[in-house]
Amino acid sequence: MTSEIDASVGQRELWSAYQRDGGEVLDSSIRFRIRGALDLDALGGAVEDLVARHEILRTTFEFRDGTLRQRLHGPAPLPYDLLDLTELDLSEEARRDRSAGRKAADIDPASWPPVWLTVQRFGATDHQICLNLHALLADDWSCEIIARDLKALYRRRMGERVELPAVPWQFSDWTSWSGQWSTGDGLRRMRDYWSTHLDGARLPALPDPGRAPTSPWPERVAVTRNLSGEIAGQLRGLARRHRTTLFPLLLSAFTAELHRLSGQDDLTIFSLFANRGRPEVNETVGPFAHLVPLRCRVPDSRNAAEFLRGTHRTFVGAFAHQELYLHQYPADVRAQLGVTGDGFRRMMVFQLMNRLHGDNDVAGLDFEDDADTLDTPFPFELSVHASEDELSVVLLCWPSEYEQSWAERFVDDYVRVLTAIAAADADLDAGLFRSR
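Residues numbered from 1 in each chain as written. Predicted model: local features only at pLDDT ≥ 70, side-chain atom pairs only at ≥ 80, totals over all residues. Heavy atoms only, no water.

### Some words on the side chain of Ser392
Then comes step 1: When you line up the elements, Ser392 lands in strand β15 (residues 391–397).
Then comes step 2: According to the relative accessible area criterion, Ser392 is buried, its value standing at 5%.
Then comes step 3: Polar contacts involving the side chain of Ser392 include one to the side chain of Asn226, which spans 2.7 Å. (Helix = DSSP H or I, 4+ residues; strand = E, 2+ residues; numbered from the N terminus. Buried < 20%, exposed > 50% of the residue type's maximum accessible area, 1.4 Å probe, protein only. Polar contact = N/O pair within 3.5 Å; in protein donor to acceptor, adjacent residues only side chain to side chain.)

See the structure below:
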């Protein structure tokens, strides 16, 4: 049985990008390297259970009469592709280079099935699995939910008693709800807030971002640094003492670095917000996330506690008004920010990502996250990946805009600031503005 509903605002935006730029803008997958005696029947069953649990994973799309529609299908058996490579003597590097997913050009949101499983067998106890899906179905938060659920459902198929949290709303429920406020007074209220909040806002202008002078450029610029669990715990404790959370604290440190480099006291950066303001969608898979501007101001006093309070207020205001997508902002606000055309190259994105994958020990198997080499659609994206054990700082840049050595210096300075903040405890001034 199939039903239909209009696509969400975010899905329509992604569809337009897909029509303009091709399948690469939608390419998405979840990969695991699995060591141990994998039961393929149990794995296939777990994927079917996963798709039955999350309606969006059995959704295709149709553009008809000028409108993008979601077509919601009922649960159905899903085949999987098994590539047996045991006879090939592949090095570890060669194994990682062999893509288990379909090519971006093969992505067709109109085709069934919207989700498919590919398994590469390197040996009797060595497999790589790839759950292929596209961005019209799931954002990063959703991929974390999918990975967690897949592990749990495999364990259930293997006979373990496993409880998963309820999913009060499916993505179609949220789409129907969001359509109610996105016209009339609700839309006007959101636009008025952002027009006022962003009046006079500007993107950061770094004096020398280390732009590579000639092409060809390297494939990517990527830097990763790890902070210990001890430092992560100190930062969380510091945030609590200042009556905020980890995100505004990390964002303040990031903004302080941009202030140091640019000399600007008023900086607007962006973050991918989960856009899950309603508690009913905390366990829902879908493409909720989108870019939200964060206007951060460094006070004349250079008082770090005051700065953090201001950043906290910015975050709270953005969170309360996150439902509005960037292309829905008034035209003059978009033009002022300069996020189109050449101005897009100055956009800086900051994210805090919590890991939900859970235990890698799954029914006697070792499930190791085996994601592709990190990439980003943004010129500059700094992400902090948080777990109980550590914080990982990851900077991804376009090589046409930033050099590897500059990126390494920036991340090292940012980590130094975070370490100083943690060591300074409540004395934020020493960490944010006098740590050089």
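### Looking at the environment of Val415
Then comes step 1: Topologically, Val415 is positioned in helix α11 (residues 404–424).
Then comes step 2: In this structure Val415 comes out as buried when scored by relative accessible area, which is 14%.
Then comes step 3: A sequence separation of 23 residues divides Val415 from Ser392, and the C-alpha atoms of the two residues are 9.8 Å apart.
Then comes step 4: Residues within four places of Val415 in sequence aside, it is in contact with Arg225, Leu227 and Val393. (Contact = heavy atoms within 4.5 Å.)

### Quick notes on the environment of Asn354
Then comes step 1: Turning to its location among the elements, Asn354 is positioned in strand β11 (residues 349–354).
Then comes step 2: Asn354 sits in the partly exposed class, given a relative accessible area of 48%.
Then comes step 3: When the C-alpha atoms of Asn354 and Val384 are compared, they prove to be 8.5 Å apart, with 30 residues separating the residues in sequence.
Then comes step 4: Beyond its immediate chain neighbours, meaning those up to four positions away, Asn354 contacts Glu144 and Ala386.

### Here we look at the sheet that holds strand β1 (residues 2–6)
Then comes step 1: Spatial strand order, β1-β4-β3: three strands in an open sheet with antiparallel pairing. Two strands close off the open sheet at either side, each with one partner strand: β1 and β3 (59–64). Recorded for the sheet is a direction-independent mean angle of 30° between the axes of neighbouring strands.
Then comes step 2: With six bridges joining them, β3 and strand β4 (residues 67–73) adopt antiparallel strand pairing. Looking across to β4, one finds that Phe61 is bridged to Gln70. (Pairing = 2+ DSSP bridges. Axes fitted to C-alpha atoms, helices over the stretch in contact; angles between N-to-C directions.)

### Re the nonpolar core
Then comes step 1: Core analysis: the biggest nonpolar cluster contains 68 residues, and Leu235, Phe254, Phe350, Phe380, Leu382 and Tyr414 have the highest contact counts within it.
Then comes step 2: Of the residues forming this core, the biggest block, ten residues, is contributed by α11.
Then comes step 3: Excluding its chain neighbours within four sequence positions, the residues that come into contact with Tyr414 are Leu250, Ala253, Phe254, Glu257, Phe350, Leu382, Val384 and Val393.
Then comes step 4: If you look at the next biggest cluster of nonpolar residues, it comprises 52 residues, including Val115, Leu131, Leu136 and Trp174. (Core = buried A, V, L, I, M, F, W, Y, C linked by side-chain atoms within 4.5 Å.)

### Regarding the pairing of strand β14 (residues 380–386)
Then comes step 1: Counting buried positions along β14 yields seven of seven residues, so the element is predominantly enclosed.
Then comes step 2: Alternating positions in β14 separate into two faces, Phe380, Leu382, Val384 and Ala386 on one and Glu381, Ser383 and His385 on the other, with burial throughout.
Then comes step 3: Sheet topology note: the β11/β14 ladder contains six bridges and is parallel. Residue pairing across strands places Gln351 opposite Ser383, the latter belonging to β14.
Then comes step 4: Between β14 and β15, which pair antiparallel and follow one another directly, the connecting turn spans four residues.

### Some words on unusual backbone geometry
Note: most peptide bonds trans; most residues except glycine with negative phi.
Then comes step 1: Along the chain, Trp112 connects to Pro113 via a cis peptide bond; the corresponding omega equals 0°.
Then comes step 2: Locating Pro113 in the fold gives a position in the loop between α3 (92–97) and β6 (116–123).
Then comes step 3: Positive phi, normally seen in glycine, also occurs at Asp65, with a value near 55°.
Then comes step 4: By secondary structure assignment, the location of Asp65 is in the loop between β3 and β4.
Then comes step 5: According to the relative accessible area criterion, Asp65 is exposed, its value standing at 75%.

### Section: helix α9 (residues 304–320)
Then comes step 1: Here α9 is 17 residues long and its end C-alpha atoms lie 24 Å apart, about the 24 Å a rise of 1.5 Å per residue gives.
Then comes step 2: Those residues of α9 that sit buried are Ala304, Phe307, Leu308, Gly310, Thr311, Thr314, Phe315, Gly317 and Ala318.
Then comes step 3: The opening residue of α9, the one whose side-chain oxygen lies 3.2 Å from the backbone nitrogen of Ala305, is Asn303. (Expected span 1.5 Å × (residues − 1).)

### Looking at the pattern of salt bridges
Then comes step 1: Inspection of the entire model under this criterion finds 25 salt bridges.
Then comes step 2: With its nearest N and O atoms 2.4 Å apart, the salt bridge here joins Asp6 to Arg69. Of this pair, Asp6 sits in strand β1 while Arg69 is found in strand β4, placing the two residues 63 residues apart along the sequence.
Then comes step 3: With relative accessibility at 37%, the residue Asp6 sits in the partly exposed group.
Then comes step 4: Between Asp266 and Arg297 there is a salt bridge; the shortest N-O distance is 3.8 Å. Note that Asp266 is positioned in strand β9 (residues 266–273) and Arg297 in strand β10 (residues 290–297), a separation of 31 residues in sequence.
Then comes step 5: On the basis of relative accessibility, which here comes to 44%, the residue Arg297 falls in the partly exposed class.
Then comes step 6: A network of salt bridges, in which partner residues are shared, links Glu4, Asp6, Glu62, Arg64, Arg69 and Arg71. (Salt bridge = Lys/Arg side-chain N within 4 Å of Asp/Glu carboxyl O.)

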